[in-house]
Every structure is written in structure tokens, then in C-alpha cells.
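Close look at the chain arrangement
Given next are the chains, with one letter for each unit.
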Amino acid sequence: MMHTRKIRLMMASAALLTLTGPAFALDGADLMKKLDAAMSSNGTTLTFDKAEVSGDTVTASGVQIKLAGQPGDALKIGDITFEGVEETEGGGYYAETVSFPDVNVAQDEGSLAVKDILVSGLSIPANPAGGTLDDILLYESASTGPITVSAKGKEVFSLESSEANLARQENDAGFDFDATAAGLRADLSQIEDPKTKEAIEKLGLTKLDGAVTMKGSWEVESGNVALEEYAFDFKNVGRLNLAVDISGYTLAFMKSLQEAMKSAEANPNKEEANQAMGLAMMGLMQQLTFNSAEIRFDDASITKKALDYAGSQQGVTGDQLAQSLKGLVPLMMAQLNVPELQNQVSSAVNTYLDGPKSLTISAAPEKPVPFPMIMGAAMGAPNTIPSVLGVKVTAND
């Protein structure tokens, strides 16, 4: 009796495993093919030798990436490991982490090295041609360790680390995103042109040390892209930040743009491709609306150095050059026939040159302005653009 029960239990267990096994089995080759299909929308082609599965881990070997614009060249990646992989509803895939081998590329007299490349929360769509967020190749975070670029055996650029994050908003309304490139250093001492080398040395730009940061959001339904911060901040130079807010960058717009780029890259006649791309962009721009923009520079001593150097080239001091600029700016602005803006710019330049702290150019119209209206003003009455966009120029605020 006991023997019969054991046999029945073993048979039931075997039947259960037989029925449930395929539901949990991963198809590594299918994952890679769908990843390639998703990347193809941006003009990138991915190839691989094989994809082996072990539990919820997929290891793809012999991975290479090709760009449509450079069909003869391929970037050899090597092995990519997807961990915590699961098939999502509809046939897509989700991977908790994706790790890459370190990159070491050498060509001619230059080389590039990238370490500790990692992507977390990768979502691979089943149908990249669809029109929802689930049909886009997405990640939750992507990061690298040190990046170095060398030329003629000397390091000319390095980055301590980089990180980018993407977070879905509630009810899939859109995304919040941010990115940081920390410990950015550049060595400009190797520049050979005598005049450029002299200017760099006088301005104290032989060694650059800084960071790049980005922060913003994207709303899917309205296509509102609000780039709150895109800043380049360098020691002893200053911080340059760009902010822009536009609407109309919807999923449909994005896919139309991707198709236009793919068509242009696939056309062997580059002149014809550029013309077609230009026409396509003109058509797509009709769908966008301008909300606001701002460019701001916070000085960290570079302005005085630039005035001193430029003045020395003309046989005057930096202060004397600054006084000359105060008189020259109104004359240059008068040619644009925009009196209100002319007064703003003249006042801001005078204030800034007297004690450089910050200079801001902003555009904030009372109501959002469709891009076709801006293009029409630019072609028909350029001097009306400042009033159409609500342009203001201020200093040291």
C-alpha cells in the first residue's frame, strides 16, 4: 500500500513538472531577437552568436552592435549577462540587471576604456512598433565606472562615473529622469595649434575639472518634455545651464522621427537623404509647441580671464576692453530693430561686466507658442521673435 502511494506521488509530481516546465522556461534567443528589434527603431542593429539559459539568467555571447550610418563598422561587445529575467505579459522580457564586459577599444593613436557597465530594470518590448509605453525599450537605471580616453599614449579625458535613472510616473502618465556624469576631467595641454594653445594657457583651461547633470520629465499624452536642468559645471570656469519646456513630443511623434532617421540612414545618396530628412523635420516641427526656455551662466572667474586675454591681443587692459564692449553692444543691438530687447541687453551687459556673477537669457511667452508661428516670424519678421517668445535678458540676479 505504501509502495503504491509513493508511485502515485512520483507520477503526480512528474506530471506537474511536465505541465509547468514550459511556462517557466526562458528562450534566450527570442529575448535577444526582441532586444534587436527594439534597438532597430533607433537605427542600431544587434547580433549575437548564441544565448544560453540557466535558471533566470541569460548569457549572450559574441554580441556586436552596428549603426545604420556605419554599416561597415561593428562594435564588438562580447558576452552580456541578463540576470533575474522573466517573460512579461504579451511576450516581452524584464531583466533585473544586465552586465557588460569592460570596453577597451584602440584605433590609430587613440584608445577608449569603459569599466563597470551596468543596466538595471531593463524592459524589452514584445512589439516595438506599438503605441504604448510597454512598446518602448526602457531601463530603470544605467551606470558606468571610470571612462578614459587616451591619445598618443596620454590620457586626455576621463570620467569617474556616470549614472542615469528613469522612473515611471503614477498611472504611466510619463517619466521623471535624471543623469549625472561625475569627475569629468580633460587635459587640453596636448593641443598643437600654437594660437589655441596660448589661449588655453592664458585662460587657465589646460586642465578642466567638472561635472554634467541633467533632470527633467516627459508626459506621454501631451508630449510635454520639461528639461529642468542640463548643466555643465567646471571649476574656475563657471556653470552653464540649459532649461527648455516643449509640448507635442508624443509617442507618435517619436516613432515618426525614428522612421525618418532610419530612412535617411538607409539611403546611400547622402545629399538626397539630407534633403528628405530636412523636409521630414519641417513636417514634424509643425506638431511641437514652445512653452519656455532659459540659458544661464554663473561665472567662476573665467570672464575676467577672457577679458584680460582678449584685451592683451588688442593692446589694452581687460577693464578697458570691458568699457569698449559697453559702448559696442547697443550699436550692434540697434541693427536688430528691437528697442525693448536692446535696452535689456545693454543694461544686462553693463551690469555683468561691472562685476561678473550671472547672465540669464529666458523666453517665457504668456501662452504656449506653436512652432509654425515661430518659424513664420523668423522668415517674415525676425524682429518680432523676442516679443512672440517673451525674451528677457538679466544679469547678476
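Scroll up for the structure.
Within each chain, residue numbers correspond to sequence positions counted from 1 in written order. For a predicted model such as this one, the threshold for reporting local features is a pLDDT of at least 70, and the threshold for listing and counting side-chain atom pairs is 80 or more; totals across whole chains, interfaces and linings nevertheless cover every residue. The side-chain quantities take in all heavy atoms of the structure and omit both hydrogens and water.

1. Remarks on the pairing of strand β16 (residues 238-247)
Threshold: By the convention used here, strands pair only if DSSP detects at least 2 bridges between them. In this text, helices come from DSSP runs of H or I with a minimum length of four residues, and strands from runs of E with a minimum of two, each type numbered from the N-terminal end.
Sheet topology places strand β15 (residues 224-234) next to β16; 7 bridges connect them, and they run antiparallel. From the neighbouring strand, F234 faces β16, where its bridge partner is G238. Between β15 and β16, which pair antiparallel in sequence order, lie 3 residues; one of them, N236, sits at a positive phi of approximately 60°. Pairing analysis gives 10 bridges linking β16 to strand β17 (residues 289-299), with the strands arranged antiparallel. Bridged to S247 within β17 is T289.

2. Focus on a negative patch on the surface
Heads up, the rule is: Patches here: salt-bridge-free residues with over 30% relative accessible area, like charges joined within 9 Å, nonpolar side chains (Val, Leu, Ile, Met, Phe, Trp, Tyr) joined within 5 Å. For the accessible areas, the method is Shrake-Rupley and the probe is 1.4 Å, while residue cover comes only from the protein chains on display. Put simply, a salt bridge is a Lys or Arg side-chain nitrogen that is within 4 Å of an Asp or Glu carboxyl oxygen. The sign given to each residue is positive for Lys and Arg and negative for Asp and Glu; His and the chain ends receive no count. Here the site of a charge means atom NZ of a Lys, CZ of an Arg, CG of an Asp or CD of a Glu.
Taken together, D56, E83, E86 and E96 make up a surface patch of like negative charges. Positionally, D56 belongs in the loop between β2 (50-54) and β3 (57-67).

3. What to know about the pairing of strand β11 (residues 154-159)
In this structure, strand β10 (residues 147-151) lies alongside β11, joined through 5 bridges in antiparallel fashion. Its bridge partner being in β11, A151 is matched across the sheet by K154. Turn length for the β10-β11 hairpin, with the two strands adjacent in sequence and antiparallel, is 2 residues, and the turn residue K152 shows positive phi of about 55°. In this structure, β11 lies alongside strand β13 (residues 174-187), joined through 2 bridges in antiparallel fashion. Bridge pairing in β13 links F157 to A186.

4. Points about a nonpolar patch on the surface
So the rule is basically this: Each residue gets one of three labels from its accessible area relative to the maximum for its type: buried under 20%, exposed over 50%, partly exposed in between, using a 1.4 Å probe on protein chains only.
A cluster of nonpolar side chains, contributed by F232, L240, L242, I295 and I361, occupies part of the molecular surface with about 390 Å² of accessible area. Assignment of secondary structure puts L242 in strand β16. Residue L242 is classed as partly exposed on the basis of its relative accessible area of 35%.

5. Points about the environment of E229
Stated precisely, the cut-off is as follows: Contacts: residue pairs with any heavy atoms within 4.5 Å of one another.
Structurally, the position occupied by E229 is in strand β15. Residue E229 is classed as partly exposed on the basis of its relative accessible area of 21%. Between the alpha carbons of E229 and S54 there is a distance of 42 Å; along the sequence they are 175 residues apart. Residues in contact with E229, not counting those within four places in the same chain, are T213, M214, K215, R239, N241 and L242.

6. A short note on the packing of helix α6 (residues 302-313) against helix α7 (residues 318-334)
Quick note on the threshold: Axis definition: a line fitted to C-alpha atoms, over the contacting stretch in the case of helices. Angles run 0 to 180 degrees between N-to-C directions. For this classification, under 35 degrees means roughly parallel, over 145 means roughly antiparallel, 65 to 115 means roughly perpendicular, and everything else is oblique. Polar here means any residue outside two lists: the nonpolar Ala, Val, Leu, Ile, Met, Phe, Trp, Tyr, Cys and Pro, and the charged Asp, Glu, Lys and Arg; Gly therefore counts as polar.
The interhelical angle for the contact between α6 and α7, taken along N-to-C directions, is 90°, at an axis separation of 7 Å. Our classification of the angle between α6 and α7 gives roughly perpendicular. Here α6 contributes L307, D308, A310 and G311 to the contact with α7, which in turn contributes G318, L321, A322 and L325. Of the residues contributing to the contact of α6 with α7, the split by class is 5 nonpolar, 2 polar and 1 charged.

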